Amino acid sequence: MRCLRCVLPALLSLGAACDQSPAADQAPTPGTVRWVPSGGTGDQAAIRLLLSPDGDSVVLRDGATQAIRGVVRSAGERADLGGVCAMVAAGAGALARVQHALPIDTTAPWLAVTRLETDALVGTRTLLPGARAIYLFEGVFRGSRRRVSLQWPVVSAQAIPAGAPVAVLEQAITPTAEELDSLVLGLSEEGGWEVLAELPPAAPDPKQATPLVGDLPIHEVRLEAPCTRLTLALPVIARVDKVVRIPVETGDTITALARLDEGTVRVTFDEAPSAPEPRERRSIPAARVVAAADGRVTLRIRVQVVPRAQATGQLVTLLLDKHRGR
Amino acid sequence: MRIRSVTVGVSALLLAGCNSLDVENPNAPDAARALADPAAIEAVAAGTMRTWFNTWDGMEGGGPLVTMAQAYSASWNNYNMNFYSSIDADGTRNTRAFKNDQASAERTTMIAYWEGYYSVVSSAVDVLTAIRKNKLVISNPANTKRAEAVAEFMRGAALMGIALNYDKGYVIDETSDLAKLEYKTRKQVRDAAVAALTSAATLATSTAFTVPAGWSNGVSYSNTQIAALARTMAAMTLAYYPRTDAENASVDWAQVASLASQGISAGNNKFDFVFVGDGCSSWCHEILYWFNAFDGGRVSTRVAAIVDPATQKHPYPDGGNRQPNSADKRMGDGSFGPNDDDFAGYFGTIPKTAKGGTDFVYSREEIFRPARGMYHQSNIGHIRYDRSGEQSPNAIYGGFGPAPVISRHQNDLIWAEAELRRSGGNLGTAANLINNTRVERGGLAPATAGEGQASLLAKLNYENEIELLGLGPSSFYFRRRVPSGLLAGTPREMPVPAKELAVKGDAFYSFGGTGSANSPTPP
């Protein structure tokens, strides 16, 4: 079976060589994707998805033009689940690797970022502006952890001023954001697809990290199934606390592991029992907390550097992991 | 305001900002989800002070500012000082606007203060939420009030940092929803900072407490001292806010006088706001680490020439400047350090004599790379806060020991300026305040009320040039509101960092160069 990236380079190029590993040649496991128009539009839906299986993957096409608009990736393909999970968990804060090789300027802002979720899948959609503006959804099926990608060209009849409210943006484009969201919300999976075990490794690896940025140094990261482990790249200014907040339920165990190649890094949870901080320059690269109540836990990341010898701005590789309490 | 082109071509869909995200927001002011452990809340309150110190005295933001002000000089590439403080061939900085885009190495200058101050605000709001909304008690009423007062104090101090540096920012308190923040003008941020600092002073006055020494790594402060500090910083916020001399003229100097007269140099309880450096592990006065180490940075020849015009020429002359012989005891003959050939040989100094100055050292060494412009060189270094007297790595040279943040003399000078500029100001009071440093530290002839306002303002400015050195980025705020204080093209404020603009979908913009040096005066 040829890998899908080779078939659909313009749409799906992820900057990696085609994977011809033995796993890609395994017989597809039984399973299927369904699309049912959502929102009660039924056959009157203005736009529709047409699903065409391609081996263990499913290609998502424009029901009217047959143009390829997306894919549900195969089990054998090493899809970049870490980047997708980061986008799902951190929304606009994650400059996810999934943007790589998209037909847009990768520094373009993400507009109208919205979390979409059903019982079947969870993901984030956004509008990427430019001459080739697109509606972008990246998500995962909750059951199989297969990555779901949808990119749909959009146009706007009139100019939209900077700072326009999200609702204005969503209505100004054709197709509307609501119509496009309905395509995603109508997707579900059935059958016996095996669950992909593709989570980041259990140690922070810069190569696996997705950059996390924000307009304030306070980040929100939702570690929810199927994305319960993430690797993030966090820009940090030396000796200034950076904060990551993680929603939790009682009994959840959150683990944070940090890696810094230059300088030392300390991670602590506000909610964890406090311990005297060592005065000497020394890393505390791991922290763990068990949530005592529903709500959130607050992780602080602080970097120490030697002035003149090491840069004030550092990039911390941060692995976050959540285990659900019993 | 210079608007840079946005990042992508725009035809079908123009760039627009997303003002809100339709996702569940864990940062929302949900009191029930807030931190509930008293010990943890107290630790968070303490941590706000550490982060604020490190930000205010950090080099990433402050290094470019104090060298752009030609207060200190350094042409190292560290912290973008070489780019932002260098001078174009035409004598301007018209090619040296703040480079506020995500691809530029010089973007980091805008990021440090934004991240640092909003980190402080975030933590302070966590404390205020726990105490004010969740009614958390931290062991007893006094400790609870202490945490609340310090959190409000630091929230105000952080907003001061935003108001002094950026054209706009967010005002955040325990009622804010972080997902629905809207930019406020720098004037609105300034007013919010003053309100928070004034509120903190009131809180601190109402209950007796002591801020533990550990919160500043070595110096404890009483509740009345915290109140005085908050008033001093409120006065600083108003006095240092102007971007131009026109804005300077519209400052409410009567309010500044009122605040400063209750600040850290008022009455019998005069003190300096100090933390203790730990070698820059967790507590770092980075500006002094660089500029009280005169093999790292120097005092600009512009300032040196003010203190001793007979020997120190500006710009730096071929062959350098002569040993000083200043009537000002802060410079004296520039001698410094032990009578040790190794020391004097390495640093290029003259061993300390009876005429050695308290603040400045003379060095024959030209420490900067000639190719970057000899005008960066200076023979004068700043050693005021080197208590070792020999650039010991165990003192401020190595980031250890008492590190001044705001001095009582700084409050004197703000107060003096307010008396000189406010309607009905007391020139005698102003002269006395100026003399606290001019006479007591400098050994110069006293200023008198009879000189009149213009002469006293000149003497005040002289004191500001010397006394503000090393106190965070204060030298920059002073210089930008002095007529002709900053070179043409020098930005007078920072834009919101590009990274943050991109996240919100806002257009990039900047200040300085051939564009506007600052945003228009807000209504």
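In what follows, the structure referred to is the one given above.
The structure presented is a predicted model; accordingly, all values stated were derived computationally and were not measured.

> How would you sum up the state of the cysteines? Please name residues and give values.
Cysteine pairs can be covalently joined through their sulfur atoms, and such a bond is termed a disulfide. Within the structure shown, the criterion is met by 2 disulfides over all chains. Shown here is the disulfide that connects C85(A) with C227(A), its sulfur atoms set 2.0 Å apart. Disulfide C85(A) to C227(A): torsion about the S-S bond roughly -70 degrees, handedness left-handed. With C85(A) in helix α3 (residues 81-90) and C227(A) in the loop between β13 (218-220) and β14 (229-237), this residue pair connects regions lying 142 residues apart in the sequence. Side by side, C85(A) and C227(A) carry an identical accessibility label, which is buried. Disulfide pairing is shown between C280(B) and C284(B); the S-S distance is 2.0 Å. On the S-S bond that ties C280(B) to C284(B), the torsion sits near 60 degrees, and the link is right-handed. Take C280(B) and C284(B): they sit in the same class, and that class is buried.

> Can you lay out the pattern of salt bridges for me, pointing to particular residues and giving the numbers?
This model, assessed by the stated rule, comprises 50 salt bridges over all chains. Salt-bridge contacts for D241(A) lead to R300(A); the nearest nitrogen and oxygen are separated by 3.5 Å. Note that D241(A) is positioned in the loop between β14 and β15 (242-248) and R300(A) in strand β19 (residues 295-304), a separation of 59 residues in sequence. Taken individually, D241(A) and R300(A) each receive the classification buried, so the pair is uniform in this respect. Among the charged side chains, a network of salt bridges with common partners joins D328(B), R330(B), D359(B), R384(B), R441(B), E463(B) and E467(B).

> An account of the layout of surface pockets is needed here, citing residue identities and associated values.
The space that makes up the largest pocket amounts to roughly 1,100 Å³. What lines the largest pocket is a set of 40 residues, among which A275(A), E277(A), R302(A), A43(B) and R50(B) lie closest to the centre. Here the element with the most residues in the lining of the largest pocket is helix α1 (residues 38-56) of chain B; it accounts for 10 residues. Residues belonging to the lining of the largest pocket are distributed by class as follows: 18 nonpolar, 10 polar and 12 charged.

> Provide a residue-level description of helix α7 (residues 223-240) of chain B, including the pertinent values.
A rise of 1.5 Å per residue sets the reference length of α7(B), with its 18 residues, at 26 Å; its end C-alpha atoms lie 25 Å apart and thus fit the reference within 8%. The element α7(B) is extensively covered by neighbouring structure, given that 17 of its 18 residues are classed as buried.

> Report on the side chain of S119(B), specifying residues and quantitative values.
Looking at where S119(B) falls in the secondary structure, it is placed in helix α4 (residues 108-133). Since its relative accessible area comes to 2%, S119(B) is described here as buried. S119(B) has contacts with P217(A), V240(A), D241(A) and T51(B), leaving out every residue within four places of it along the chain.

> Tell me about the sheet that holds strand β18 (residues 286-290) of chain A, and please be specific about residues and values.
All names here are of chain A. Read across the sheet, 5 strands follow the order β12-β14-β20-β16-β18 without closing on themselves; strand pairing throughout is mixed. Both edges of this open sheet fall to β12 (210-211) and β18, since each of them pairs with a single strand only. Examined bridge by bridge, β12 and β14 share 2 bridges and lie parallel to one another. Across the sheet, the residue bridging to T210 is L232, located in β14.

> For the environment of G191(A), give the residues involved together with the corresponding values.
Its location among the elements puts G191(A) in the loop between β11 (187-190) and β12. With a relative accessible area of 69%, G191(A) lands in the exposed category.

> Tell me about the sheet that holds strand β17 (residues 264-269) of chain A, and name the residues and values.
All names here are of chain A. The mixed open sheet is built from 4 strands, whose spatial order is β13-β15-β19-β17. Two strands close off the open sheet at either side, each with one partner strand: β13 and β17. If you compare each strand with its neighbour and ignore which way they point, the axes differ by 20 degrees on average. In this structure, β17 lies alongside β19, joined through 6 bridges in antiparallel fashion. Each residue of the ladder has a partner; that of R266, found in β19, is R302.

> Could you give an account of the side chain of T109(B), naming the residues involved and the relevant values?
All names here are of chain B. Along the chain, T109 turns up in helix α4. A distance of 2.8 Å separates a polar atom in the side chain of T109 from a polar atom in the side chain of N80. When sequence neighbours within four positions are dropped, the list of residues in contact with T109 reads E60, G61, P64, Y79, N80, Y84, F98 and M494.

> So what's going on with the packing of α1(B) against α4(B)? Which residues, and what values?
Residues and elements named next belong to chain B. Interhelical geometry of α1 versus α4 gives an angle of 160 degrees and a closest axis separation of 9 Å. One element, α1, and the other, α4, form an angle in the roughly antiparallel class. The handedness of the crossing between α1 and α4 is left-handed. Where α1 approaches α4, its residues I41, V44, A45, T48, T51, W52, T55 and W56 are matched on the opposing element by A112, Y113, G116, Y117, S119, V120, S123, A124, D126, V127 and A130.

> Residue-level account of unusual backbone geometry, with values.
The step from T174(A) to P175(A) runs through a cis peptide bond, and the omega angle for that step is -5 degrees. Residue position: P175(A) is located in the loop between β10 (173-174) and α5 (177-185). Here the bond from A225(A) into P226(A) is cis, since omega is 10 degrees, no more than 30 degrees from zero. If you trace the backbone, P226(A) turns up in the loop between β13 and β14. A positive phi is found at Y79(B), a non-glycine position, where the angle reads about 55 degrees. Looking at where Y79(B) falls in the secondary structure, it is placed in the loop between β2 (72-73) and α3 (81-85). By relative accessible area, Y79(B) is classed as buried at 8%. The backbone phi angle of N217(B) is positive, close to 65 degrees, even though this residue is not glycine.

Calculation notes
- Residues numbered from 1 in each chain as written.
- Chains lettered and ligands numbered in written order.
- Predicted model: local features only at pLDDT ≥ 70, side-chain atom pairs only at ≥ 80, totals over all residues.
- Heavy atoms only, no water.
- Disulfide = S-S within 2.5 Å.
- Helix = DSSP H or I, 4+ residues; strand = E, 2+ residues; numbered from the N terminus.
- Buried < 20%, exposed > 50% of the residue type's maximum accessible area, 1.4 Å probe, protein only.
- Salt bridge = Lys/Arg side-chain N within 4 Å of Asp/Glu carboxyl O.
- 1 Å grid on protein atoms, 1.4 Å probe; cavity = no way out; pocket = protein on both sides within 12 Å on 5 of 7 lines; lining within 4 Å.
- Points joined across faces, edges and corners; volume = space filled by probe spheres on them.
- Nonpolar A, V, L, I, M, F, W, Y, C, P; charged D, E, K, R; others polar.
- Expected span 1.5 Å × (residues − 1).
- Contact = heavy atoms within 4.5 Å.
- Pairing = 2+ DSSP bridges.
- Axes fitted to C-alpha atoms, helices over the stretch in contact; angles between N-to-C directions.
- Polar contact = N/O pair within 3.5 Å; in protein donor to acceptor, adjacent residues only side chain to side chain.
- Parallel < 35°, antiparallel > 145°, perpendicular 65-115°, else oblique.
- Left-handed = near helix turned anticlockwise from the far one by under 90°.

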